[in-house]
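Next come the chains, spelled out residue by residue.
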Amino acid sequence: MTKNNNSKNPLHGLWALTNRDLKKWYKNPVILLLGIIQPIIWMGLLGKAMNLGAIFTSNSISLPQINPPLLPEQQIQIGQWLSSVATGAMKSTFGTADYFSYMAVGMMSFVVMFTAMFSGMSMVFDRRLGFLNKVLSTPVARGSILMAKIFSAVIRALVQATIVLGIAYMLGLSVGADFTPLNLIGVYAALFLISMGLSSIFILIAIRSTRQETQMAVVNLLNLPLMFASNALFPAKLMPEWLQTITKINPVTYATDATRQLILYTIDMHQLAIDFLFLGAFAVIFSTIGIVLSWRFLSK
Amino acid sequence: MAGDALIVSGLTKVFNKNLVAVDHVDFTVKEGEIFGFLGPNGAGKTTTINMLITVLRPTDGSAVVCGHDIVKDASGVRDCIGVVPQEYTADEDLTGYENVILCADLYGIPRNESKKRAEELLELVELIKFKDKQVATYSGGMRRRLELACGLINRPHVFFLDEPTLGLDVQTRAATWNYIKLLKKEYGMTIFMTTHYLEEADMLCDRIAIIDYGKIITMGTPNDLKEGLGGDIMTLSIQDSEEDISDLIKEVPRVKEVKKQEGAYRIKVIDGEETAPIIIDAVRAGGHKVTRLSLTKPTLDEVYLEYTGRSIREEEESREGFRAQRIAMRKARGERTRGGH
């Protein structure tokens, strides 16, 4: 009656569980909207308001009066000179002449980071509602239970990042001269790796938790440091030494750098390789830890 | 081993090193039997079930479910069992049908087969009309039936039901009982269930174990347990009840025990119908007048009272310490703490 010992796919249930989480999300457009509204506000307000390039235009700086007074054509020359200094300063600081593009790409890391951070919450809910116990009583591989959570978070993150990129483009993101649509493959690869690593961490934190308050506290504690101690909004090289050290172990830095190189900059192959190496190691290490620990800790 | 669907020996679960939830429990359940765990909330019923369905690891002892050890061959166990948990675990955002298919996928049942079974089972639990409605719109009874359908999707050998009628109204409860009886009759399924409703245990179970504070206190068929009390219960009141006439009643042959409770005498007698007139005569001869008399065949409540020293109904609202233990246990199990149920 119950001879199910035929060749059963060891990954059975993985997609079913992933799809369950995704369905809850795409069947509910409000959640989807709320997920991307914050990065859009950031882009719109911070990205557009911090019009750093405009600081150095001749219109915004009244030139000091000197003797003899400058001739009108000299004023124009100085104005041009100033704005080329500004562009140069922007370029050397942000790698691109406009701050909006710089931070809009950072926002892709931001939305991926946020989605991953909240991925632990659904684990907590599944445990509290008894769903997890029901799943644990079925022959689904324990690792699949965890991987389903990770994959659904990754897919959500990538879809939201795509929407953010699309909106950023509409708001005036200017891609680099070397950009080709093929670069997007690299962008997705980088975002895939970081969301996989980050959601593994946050799901691991949630693996035995029954309190969403704890999850919220952890997310609140980590989201600002992860974002500001990275190059998502501001270049790390201008930060104090100690902060730079933190940015160097912050995976958000590497994901942002990789996506910026692929979208905005002229690619530095050496740096890009380091980015991907770091992100790859980050994703593999934490998802492996997740699978190993799920064997031990999903059931008590 | 043949003939035993469940062999449990010395099964123990200790939470946080000091909270003993299940304390060396031994029992066997025969093929095709409905076996019930009866006990108050916090007695260790759910913890026992969670160990048997491989969700919790036992601290000590072992159990074999349809030939598979729950620790050494957990996946063997998982293949042959179906579970209906205490909570409503169906996903509210999905439809009833999608939920059943999800369960099928968790067992790795191929899609063409699972579609067929889902239709069959939803038909069985009379949800076929609502199969494409979101579960959020279902009533409590419908959700419980949906849980039954999900639990049956892999055609389990042993079916675990944790408080199957908790929180249901009277009609829905009766309907649920019918489904459970049907499963036994039609499929010869072995069923292990927990309950704290006496009438439920009495009505459904072939055998019952009464469990309290993690220990099995007594075990047997409902009838055996009742007869094990050794007689019927007679309650008798007399006019002018200043004087204690317990000793007078005790002298009547076949009276086993007399207790005076709130002005009435609770008398345990053998062959109540025949002994009652003799008792009345004896009371009269002692110069007292009988004002009230009732005779009841023992119910499981009496059995429960006899073995635990308290009535199962009373304890729902009383006993602070007991309540605290219950909450501690739920916490340890990692569930939501609910005040009462």
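Residues numbered from 1 in each chain as written. Chains lettered and ligands numbered in written order. Predicted model: local features only at pLDDT ≥ 70, side-chain atom pairs only at ≥ 80, totals over all residues.

S.K.: A description of the overall build of chain A should follow, citing residues and the corresponding values.
M.R.: For chain A, the helix and strand inventory stands at 12 helices and 0 strands. Secondary structure elements in chain A, listed N-terminal to C-terminal, are α-α-α-α-α-α-α-α-α-α-α-α. Structurally, chain A occupies a C-alpha span of about 100 × 40 × 35 Å along its principal axes. In chain A, buried positions account for 41% of the 300 residues. Taking as baseline every contact in chain A between residues at least 6 positions apart, the subset at least 24 positions apart corresponds to 85%. (Helix = DSSP H or I, 4+ residues; strand = E, 2+ residues; numbered from the N terminus. Buried ≥ 20, exposed ≤ 12 C-beta atoms within 10 Å, placed from the backbone. Contact = placed C-beta atoms within 7 Å.)

S.K.: Describe the overall build of chain B, and please don't skip the residues or the numbers.
M.R.: Summing up its helical and strand segments, chain B has 12 helices and 14 strands in all. Across the 341 residues that make up chain B, the buried fraction comes to 43%. Taking the contacts inside chain B whose residues are at least 6 apart along the sequence as the reference set, 68% of them involve residues at least 24 apart.

S.K.: Mind laying out the domain arrangement of chain B, listing which residues take part and the relevant values?
M.R.: Per the domain assignment, the segments making up chain B are domain 1 (4-226) and domain 2 (230-297). The centre of domain 1 of chain B, based on its C-alpha atoms, is set 43 Å off from the matching centre of domain 2 of chain B. (Domains from an automatic or database assignment.)

S.K.: If you had to explain unusual backbone geometry to someone new, which residues and values would you point to?
M.R.: With the exception of glycine, the majority of residues adopt a negative phi angle, and the majority of peptide bonds are in the trans configuration. All names here are of chain B. If you check the backbone angles, asparagine 16 has positive phi at about 50° while not being a glycine. You can see asparagine 16 is positioned in the loop between strand E1 (4-15) and strand E2 (19-30). Despite not being glycine, glutamate 163 has its phi angle at roughly 50°, a positive value. Looking at where glutamate 163 falls in the secondary structure, it is placed in the loop between strand E7 (158-162) and helix H6 (170-187). A residue is classified by how many C-beta atoms lie within 10 Å of it, and glutamate 163, with 23 of them, is buried.

S.K.: Report on the packing of helix H8 (residues 183-206) of chain A against helix H11 (residues 251-263) of chain A, specifying residues and quantitative values.
M.R.: Residue and element names in this part refer to chain A. Two numbers describe how H8 lies on H11: the axes approach to 9 Å, and their chain directions differ by 170°. Classified by the interaxial angle, the pair formed by H8 and H11 is roughly antiparallel. On H11, the residues that touch Asn183, Gly186, Val187, Ala190, Leu191, Ile194, Gly197 and Leu198 of H8 are Pro251, Ala255, Ala258, Thr259, Leu262 and Ile263. Residues of the contact of H8 with H11, tallied by class, amount to 10 nonpolar, 4 polar and no charged. (Axes fitted to C-alpha atoms, helices over the stretch in contact; angles between N-to-C directions. Parallel < 35°, antiparallel > 145°, perpendicular 65-115°, else oblique. Nonpolar A, V, L, I, M, F, W, Y, C, P; charged D, E, K, R; others polar.)

S.K.: Describe the domain arrangement of chain A, listing the residues and the values that go with them.
M.R.: All names here are of chain A. Taken as a whole, chain A is organised into domain 1 (14-48 + 97-297) and domain 2 (51-94). Computed from C-alpha atoms alone, the centre-to-centre distance between domain 1 and domain 2 is 40 Å. Across the side of domain 1 that touches domain 2, the residue classes break down as 5 nonpolar, no polar and 2 charged.

S.K.: Could you give an account of the sheet that holds E1 of chain B, naming the residues involved and the relevant values?
M.R.: Across the sheet, 4 strands lie side by side as E2-E1-E4-E5 (chain B); this open sheet has antiparallel pairing. Where the open sheet ends on each side, the last strands, each with one partner, are E2 and strand E5 (68-69) of chain B. (Pairing = 2+ DSSP bridges.)

S.K.: Before we move on, can you summarise the nonpolar core with the specific residues and values?
M.R.: Grouped together as the largest cluster of nonpolar side chains are 148 residues, with contacts concentrated most on Val100 and Phe160 of chain B. With 15 residues, the top contributor of residues to this core is helix H4 (residues 99-117) of chain A. The residues touching phenylalanine 160 of chain B, leaving out its near neighbours within four places in the chain, are Ile49, Leu52, Ile53, Ile81, Gly82, Val83, Val84 and Phe192 of chain B. With 11 residues, the next largest nonpolar core counts Met234, Ile249, Tyr265 and Val269 of chain B among its residues. (Core = buried A, V, L, I, M, F, W, Y, C linked by C-beta atoms within 7 Å.)

S.K.: Any chance you could break down the interface of chain B and chain A for me, citing the residues and the numbers?
M.R.: By convention, interface size is frequently given as the accessible area that disappears when the constituent parts associate. Contacts between the two partners involve 30 residues from chain B, matched on the other side by 28 residues from chain A. When residues of the side of chain B that touches chain A are traced back to their parent elements, those giving at least two are helix H2 (74-80), strand E6 (81-84) and helix H3 (96-106) of chain B. The greatest single-element share of the side of chain B that touches chain A, amounting to 4 residues, is contributed by H2 of chain B. Considered class by class, the residues forming the side of chain B that touches chain A number 12 nonpolar, 9 polar and 9 charged.

S.K.: Residues and numbers for the pairing of strand E11 (residues 232-238) of chain B, please.
M.R.: Residues and elements named next belong to chain B. Here E11 shows a clear split, with Asp232, Met234, Leu236 and Ile238 buried on one side and none of Ile233, Thr235 and Ser237 buried on the other. Two strands pair when backbone bridges link them, and E11 and strand E13 (residues 264-269) are joined in this way by 6 bridges, in the antiparallel orientation. Of the residues in E13, the one forming a bridge with threonine 235 is arginine 266. Bridging between E11 and strand E14 (residues 290-296) involves 6 bridges; their strand directions are antiparallel. In the strand pairing of E14, leucine 236 is matched with leucine 293.

S.K.: Tell me about the environment of aspartate 23 of chain B, residues and numbers included.
M.R.: Residue and element names in this part refer to chain B. Structurally, the position occupied by aspartate 23 is in strand E2. Aspartate 23 sits in the partly exposed class, given 18 other C-beta atoms within 10 Å. Each C-alpha atom of the pair aspartate 23 and serine 75 lies 25 Å from the other, and the pair is 52 residues apart in sequence. In this structure, aspartate 23 is in contact with Thr12, Gly214 and Lys215, ignoring residues within four places of it in sequence.

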